Amino acid sequence: MTGYELNRDDSELLARLIAGEVAAFEQLIRHFHHPMKRVAQAIIGEAQAEEVVQEAWLAVIKSLQDFQRRSSLKTWLFTIVANEAKSRLRKGKREVSIEDVAGNGGLYEESRWLSDGHWVDAPGEWHDNSPEVLLSYEDFRKCLDKTLAKLPDDQKAVLTLREYQGLELEEICNILDVSASNVRVLIHRARAKVYAMVEHFEETGKC
Amino acid sequence: MLSCKELAQHQASDYLDGQLTLRQRFGVQIHLALCDHCRRFIKQLKLVKKVLQAKPEPIMDEVQVKSLADRLAAVHREQKKSSPPL
């Protein structure tokens, strides 16, 4: 968790930003720079993502006074960075890599399924069944980071916006310019990869 | 009838996220009532979702945070100077 309820603190933070308080800028950057970069990366790729976020921050500063509060501050930030990234795309709609299933392991392996769609073997039962316990293992955290780092950019961005930032599906569709059904597929593909990783970790204690 | 494969590969996250139609949701619930394997799978996928939500975001390098914040605050000051509030 980010440990930071932005919606509740929007007004206060906004007032401090408008007043030019450096600590408020720091707070905003600390919480949103990485997530914004993931959004930029999903739209325009890794090479230009950092530059796009830097440009987006300047755009944020320029329009801070005009922020209308029709959306939450975080949705506004993600929209700005997405627009900045989209404006650099030369033409055409980008491809969403929902066809990417390679490396999903587990769930998408044909060998896991009988021809009538039943499980060949029951999914193994996991012994550690609380997120806190799993995340307390250093090896687990490292393995999870590695798995997340290997996700395609679209899946990373969707996970960030949905699981960490708690945005609504509709907001994610607008920000990333993808359909609701694609967002749902991307979320499931990402979770399926993490499922396969946790399953392997539970079975072997290794990454 | 919904197969285990269809459930695991396509409907499981939508089920957890409340994105299925009433009819699809009912199909999943019937399936889960009858299938131990899928009940276990859904329970564990729910754990995956919780792990992802509970995982802390990577921490940004403080030097980078401070230098960017200083730069933005300076831009903000310049802008205020050139267009004072009415």
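My aim in this report is to walk through the structure given alongside it, one point at a time. On a predicted model such as this, the values are computed, not experimentally measured, just so you know.

Thresholds applied
In this numbering scheme, every chain counts its residues from 1 along its sequence in written order. For naming, the first written chain is A and the first written ligand is 1, with later ones following in the order written. Per-residue local features of the predicted model are confined to residues with pLDDT of at least 70, and side-chain atom pairs are confined, for both listing and counting, to 80 or more; whole-chain, interface and lining totals are unaffected and use all residues. Only hydrogens and water are set aside; all other atoms, that is, all heavy atoms of the structure, feed into the side-chain values. Each pair of aromatic rings taken from Phe, Tyr and Trp, with Trp reduced to its six-membered ring, is defined by centres within 6.5 Å and is described as stacked if the planes are under 30 degrees apart, edge-to-face if over 60, and tilted in the remaining cases. Helix and strand definitions follow DSSP, with helices as H or I runs of at least four residues and strands as E runs of at least two, each counted in order from the N terminus. For each residue, the accessible area found with a 1.4 Å probe, counting protein chains only, is set against the maximum for its type, and the residue is called buried under 20%, exposed over 50%, and partly exposed in between. When a carboxyl oxygen of Asp or Glu lies within 4 Å of a side-chain nitrogen of Lys or Arg, that pair is called a salt bridge.

## Concerning the packing of aromatic side chains
At step 1: As enumerated under the stated definition, the model contains seven aromatic pairs over all chains in all.
At step 2: On the numbers, 5.5 Å between centres and 55° between planes, the contact of Trp119 of chain A with Phe41 of chain B is tilted. One end of the pair, Trp119 of chain A, is in the loop between α4 (73–88) and α5 (131–136); the other, Phe41 of chain B, is in helix α3 (residues 36–54), on a second chain. Note on accessibility: Trp119 of chain A and Phe41 of chain B belong to one class, buried.
At step 3: Centre to centre, the rings of Tyr195 of chain A and Phe41 of chain B are 4.9 Å apart; their planes meet at 55°, and the pair counts as tilted.

## Some words on the pattern of salt bridges
At step 1: Evaluated as defined, the whole model comprises 21 salt bridges over all chains.
At step 2: When the shortest N-O distance is used, the salt bridge between Asp153 of chain A and Lys156 of chain A registers 3.7 Å. Here Lys156 of chain A and Asp153 of chain A lie together in helix α7 (residues 153–164), a separation of three residues that amounts to about one turn.
At step 3: Three or more residues joined by partner-sharing salt bridges are found here, namely Glu26 and Arg30 of chain A together with Glu62 and Lys66 of chain B.

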